[in-house]
Each structure stands twice: as structure tokens, then as C-alpha cells.
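Examining the three-dimensional arrangement
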Amino acid sequence: MKLIGSKKSRAFRTLWMLEELGLEYDHDPSPPHAPSVLEVNPSGKIPALVVEGSVVTDSTAILTYLADAQGLFTQPAGSIGRARQDAVTGTILDEVEGALWTASKHSYVLPKDKCASEVVETAKWEFARSIARMEDVLDGPFLMGEEISVPDFIFVHCLGWAKLAGFPEPGEKVDAYFHHARARDGYKRAAALP
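Residues numbered from 1 in each chain as written. Predicted model: local features only at pLDDT ≥ 70, side-chain atom pairs only at ≥ 80, totals over all residues. Heavy atoms only, no water.

**A look at the sheet that holds strand 3 (residues 48-51)**
Selection rule: Two strands form a pair only when DSSP identifies at least two bridges running between them. Secondary structure follows DSSP: runs of H or I at least 4 residues long count as helices, runs of E at least 2 residues long count as strands, and numbering of each begins at the N terminus. A fitted line through C-alpha atoms represents every axis, and for helices the fit uses only the stretch in contact; the resulting angles, taken between N-to-C directions, go from 0 to 180 degrees.
An order of 2-1-3-4 is seen for the four strands of this open sheet, with the pairing classed as mixed. The strands lining the two open edges of the sheet, one partner per strand, are strand 2 (26-28) and strand 4 (54-57). The mean angle between the axes of side-by-side strands here comes to 20 degrees, regardless of whether they run parallel or antiparallel. Alignment of strand 3 against strand 4, held across four bridges, turns out to be antiparallel. Bridge assignment links Ala 48 to a residue of strand 4, and that residue is Thr 57.

**A few points about the packing of helix 5 (residues 117-137) against helix 6 (residues 150-164)**
Definition in use: Oblique is the label for any angle not under 35 degrees, not over 145, and not in the 65 to 115 range, which are roughly parallel, roughly antiparallel and roughly perpendicular in turn. Left-handed describes a crossing in which the near helix is turned anticlockwise from the far one by less than a right angle; the clockwise case is right-handed. Contacts are residue-level and defined by heavy atoms, with any inter-residue pair within 4.5 Å sufficient.
Remark: helix 5 packs on helix 6, axes separated minimally by 13 Å, with the N-to-C direction vectors making an angle of 140 degrees. When the interaxial angle is binned, helix 5 and helix 6 end up oblique. Judged by the sense of rotation from one axis to the other, the crossing of helix 5 with helix 6 is left-handed. Packed against helix 5, whose contacting residues are Phe 127, Ile 131 and Met 134, the element helix 6 presents Phe 155, Leu 159 and Ala 162 at the interface.

**Quick look at helix 4 (residues 80-109)**
Counted only if it meets this: Working rule for helices: expected span equals 1.5 Å times residues minus one. Each residue is assigned a bend, namely the angle between axes fitted to the seven residues that terminate at it and the seven residues that start at it. A 1.4 Å probe rolled over the protein chains alone gives each residue an accessible area, and that area as a share of the maximum for its type sets the label: buried under 20%, exposed over 50%, partly exposed in between.
For helix 4, built from 30 residues, the straight-helix expectation of 44 Å at 1.5 Å per residue is missed by more than 12%, its first-to-last C-alpha distance being only 38 Å. If you look at helix 4, its biggest bend is around 40 degrees, right at Gly 98. Turning to helix 4, its buried residues number three or more, namely Arg 82, Gln 85, Val 88, Thr 89, Ile 92, Val 96, Glu 97, Ala 99, Leu 100, Ala 103, Ser 104 and His 106. Of the surrounding secondary structure, the elements contacted by the buried residues of helix 4 are helix 1 (11-21), helix 3 (59-70), helix 5 and helix 6.

What follows is the structure in C-alpha cells.
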């Protein structure tokens, strides 16, 4: 198993899960559009997981694959719990990560003549509104209750991204959740990777 992608990207979430699962894997810390990335994903996007001769792209797809394959960090497919987990995951991707990615595109990803700086402030407002609603989703120490699951890997990564990007701070409940998740040994091991 090989995970391709710099930890300074969405690849971090997949590295974190791999560390939590205790799986053996190789890590190629290449940035987007590097030759090793283009070999497996013509779009040049990271992360990409190469497993058994196949390539899985998109961090959420990789997380879901790993969790399902190992029977950990997820609700069983076809269950109401899984439907609820998928709904929380979708909300995070649409509303939390969507705001972060929109701001990133208009800050440094798009060509300067395509950037609209006023969009960044709107994205920060959307992010703050979405984070306030996430307070209601927290059922326990993690989003789905007592155990960490797929949406936690995404949400915690987004909260870290938001801090680096100068987005509004979350409320006390989400902030405590964030620090609790980052204290996990698997998170620390992933953060220590080159």
C-alpha cells in the first residue's frame, strides 16, 4: 500500500487514518502535479492510494475504503448509523471544507486576475455559521459518539486548516473536540511524518 501526497494537504487525513489503523504503507510526500502523482492520477490531485495495483483518489474515498476494508472507524454499510455518518461527512465537505476551499482558491490557487478577495470574507462567515451548527452534531467526544470515525478525520483536518488560514475560532465545545482528537497517538505520528 502506498499513499501519495504531501501531509500539507488533504493527504494528512488519510495518513492519520493509516497511522490509527496501524497498517504498513509507504508514503510518497509529493505535492500536487509532481511526476509520481501524475503517474497514478492524470488530474495531478492528491492524495492517491495505490493498493493491490489499483488507485483510489480523493481523501474521503480513501478514508471510506480504509475504514470499510478494516471494519474500523465507520458504521456498517446499509445501516441507519452509516446513513447518519455519511450525512455528517457530506455536511462537513459541503459547508466546512467548501468554505475553506473557496477562500483558498480566491487567496492563492486561482490566477490573480480571477481572485475575488471579497469572496474570502463571505467564506469565513459561512465557515463560522457552519461551525456553530456542528456544535449540535457532537454526540460525545467524537462526531458519531464515543468512537472516532470517518467524518472526524475530515473535520479535525478542516479545523486545523482553518486555524492556519486565519478563519474564525470555533466555540468552546468544538475547540475542546479538536484538541482531544489531536492528542491521539495516531494523529501525533502522522504529524511527525516528513
